[in-house]
Amino acid sequence: MVVKVGVAKLGNIASGVMAELLLDERADREDMQTFMATSGTKLQPEDIDRVVSNMKAWKPDFCIVVSPNGVLPGPTGAREELAKAGIPCIVITDDVTTKKEWEGIKTSSFGYIIMKADSMIGARREFLDPIEMADFNGNLVKVLAGTGAFRKLQVAVDKVIDQVKAGKKGAELELPKIVMTTDKAVDGEFTNNYALAKARAAHEIAMAVAGQNVKGCFMTKEWEKYIPIVASAHEMMKVAAALCDQAREIEKAGDTVLRQAHKKDGVLVRKNKLVAKFD
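Since the model is a prediction, treat every value here as computed from it, not as a measurement.

Participant: Help me understand helix H8 (residues 193–219) in this model?
Facilitator: The α-helix winds at 3.6 residues per turn, so residues separated by three or four positions along the chain end up facing the same way. With 27 residues, H8 ought to run about 39 Å at 1.5 Å a step, and its terminal C-alpha atoms sit 38 Å apart, in line with that. Of all the residues in H8, the buried ones are Ala195, Ala199, Ala202, His203, Ala206, Met207, Val209, Asn213, Gly216 and Cys217. Considering only its buried residues, H8 is in contact with helix H5 (130–146), helix H6 (149–165), strand E6 (177–180), helix H7 (182–186) and helix H9 (223–253). Capping of H8 at its N-terminal end is provided by Asn192; its side-chain oxygen lies 2.7 Å from the backbone amide nitrogen of Tyr194.

Right, here's the structure in full:
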């Protein structure tokens, strides 16, 4: 059986950059296929409608809806329209757990993975040019990968794929309900306690970046003040990425880097030694 996994990308967060790639890292899985529809950078109704109509036409077994601020009207409308079409949805978004609007999702049939470290970018024109945007997202991808947050996301989606392969569909699927805290991200990722400490620090710093960028983008009016604020947030993310590099180098020095790979049938195999076969 080939499981059809839809990925609806609405706007951009770092988790969306890698969502479908995490499921088929060598492009050789034979048990699933993905289809990605994107609204590009925009969240306007016409952009959302284009994504939803393409996804409905493809008829996936379930759909990942990834966007910033998942309680905005665009992402909300997209998942509700997909649900009306009988397509189960997993919402992947940044940290919106403090918003009262999120309570409706937590008690709904939607699955969700809230990536608390997938922080808002410093989107002030005087600071953010295309290169700065790409650099920030590169550092953020490294943090989500190096701390274990991406692995937990991938494993959670793989479990849904396995359920479809076992014959479940629609409302029968048990969808993930995960808030990706630091403890959850780093769990089981490291054998060396110093590496663990560095990864924990990286994840905590990345989560704190959002607060600085919200302050710089929405709470500070004077350009002389908000430019240093958003710049400092990007410096924080750079440090977080460097800590992840350091943590991985410690694990490499002990030849204990955890590797989990998909076989062609989707089964996950693992090892902790570089020159060794998977179990």
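Participant: I tried to follow the packing of helix H2 (residues 45–58) against helix H3 (residues 73–84) on my own but got confused; where do I start?
Facilitator: Two packed helices can be described by the angle between their axes and the distance between those axes. Taken N-terminus to C-terminus, the directions of H2 and H3 make an angle of 20 degrees; their axes are 10 Å apart at the nearest point. Considering the angle they form, H2 stands roughly parallel to H3. Here H2 and H3 pass one another in a crossing that is right-handed. Contact with H2, carried on its side by Ile48, Val52, Met55 and Lys56, involves Gly74, Ala78, Glu81 and Leu82 of H3 and no other residues of that element. Among the residues making up the contact of H2 with H3, the classes are represented as five nonpolar, one polar and two charged.

Participant: For this particular structure, what's the right way to read the nonpolar core?
Facilitator: One broad rule of soluble globular proteins: the nonpolar side chains tend to lie buried together. Residues Phe62, Ile113 and Met115 are the most contacted members of the largest nonpolar core, which totals 46 residues. Take this core: its biggest share by element is eight residues, from H6. In contact with Ile113, not counting residues within four places along its chain, are Ile90, Val91, Ile92, Thr93, Leu153, Ala156, Val157, Pro176, Ile178 and Met180. Residues Leu10, Ala37, Ile48 and Leu82 belong to the second largest nonpolar core, which totals 18 residues.

Participant: Quick question: what am I supposed to make of a nonpolar patch on the surface here?
Facilitator: Side chains of Val214, Phe218 and Met219 sit close together on the surface and give an oily, nonpolar patch of about 330 Å² of accessible area. Take Met219: it is sitting in helix H8.

Participant: Whenever I open this one, H5 confuses me. Can you help?
Facilitator: An ideal rise of 1.5 Å per residue puts 24 Å on 17 residues; H5 measures up with 24 Å between its terminal C-alpha atoms. Among the residues of H5, Phe136, Asn137, Asn139, Leu140, Val141, Val143 and Leu144 are the ones counted as buried.

Participant: Help me out: how do you make sense of the sheet that holds E6 in this one?
Facilitator: Sheets are built from strands paired through backbone hydrogen bonds, the pairs being either parallel or antiparallel. Overall, parallel pairing links the six strands, which are arranged E2-E1-E3-E4-E5-E6 in an open sheet. The sheet terminates laterally at strand E2 (32–38) and E6, the two strands that pair on one side only. In this sheet, neighbouring strand axes are inclined to one another by 15 degrees on average, regardless of whether the strands run parallel or antiparallel. With five bridges joining them, strand E1 (residues 3–9) and strand E3 (residues 62–66) adopt parallel strand pairing. Within the sheet, the bridge partner assigned to Val5 lies in E3 and is Phe62.

Participant: How do you make sense of the side chain of Lys9 when you look at a structure like this?
Facilitator: Note that Lys9 resides in strand E1. On the basis of relative accessibility, which here comes to 11%, the residue Lys9 falls in the buried class. Once residues within four sequence positions are removed from consideration, Lys9 is found in contact with Gly16, Val17, Glu20, Met36, Ala37, Thr38, Ser39 and Val66.

So, how was this worked out
- Residues numbered from 1 in each chain as written.
- Predicted model: local features only at pLDDT ≥ 70, side-chain atom pairs only at ≥ 80, totals over all residues.
- Heavy atoms only, no water.
- Helix = DSSP H or I, 4+ residues; strand = E, 2+ residues; numbered from the N terminus.
- Expected span 1.5 Å × (residues − 1).
- Buried < 20%, exposed > 50% of the residue type's maximum accessible area, 1.4 Å probe, protein only.
- Contact = heavy atoms within 4.5 Å.
- Polar contact = N/O pair within 3.5 Å; in protein donor to acceptor, adjacent residues only side chain to side chain.
- Axes fitted to C-alpha atoms, helices over the stretch in contact; angles between N-to-C directions.
- Parallel < 35°, antiparallel > 145°, perpendicular 65-115°, else oblique.
- Left-handed = near helix turned anticlockwise from the far one by under 90°.
- Nonpolar A, V, L, I, M, F, W, Y, C, P; charged D, E, K, R; others polar.
- Core = buried A, V, L, I, M, F, W, Y, C linked by side-chain atoms within 4.5 Å.
- Patch = residues over 30% accessible without salt bridge, like charges linked within 9 Å, V, L, I, M, F, W, Y side chains within 5 Å.
- Areas by Shrake-Rupley, 256 points an atom, 1.4 Å probe, with all protein chains shown as cover.
- Salt bridge = Lys/Arg side-chain N within 4 Å of Asp/Glu carboxyl O.
- Pairing = 2+ DSSP bridges.

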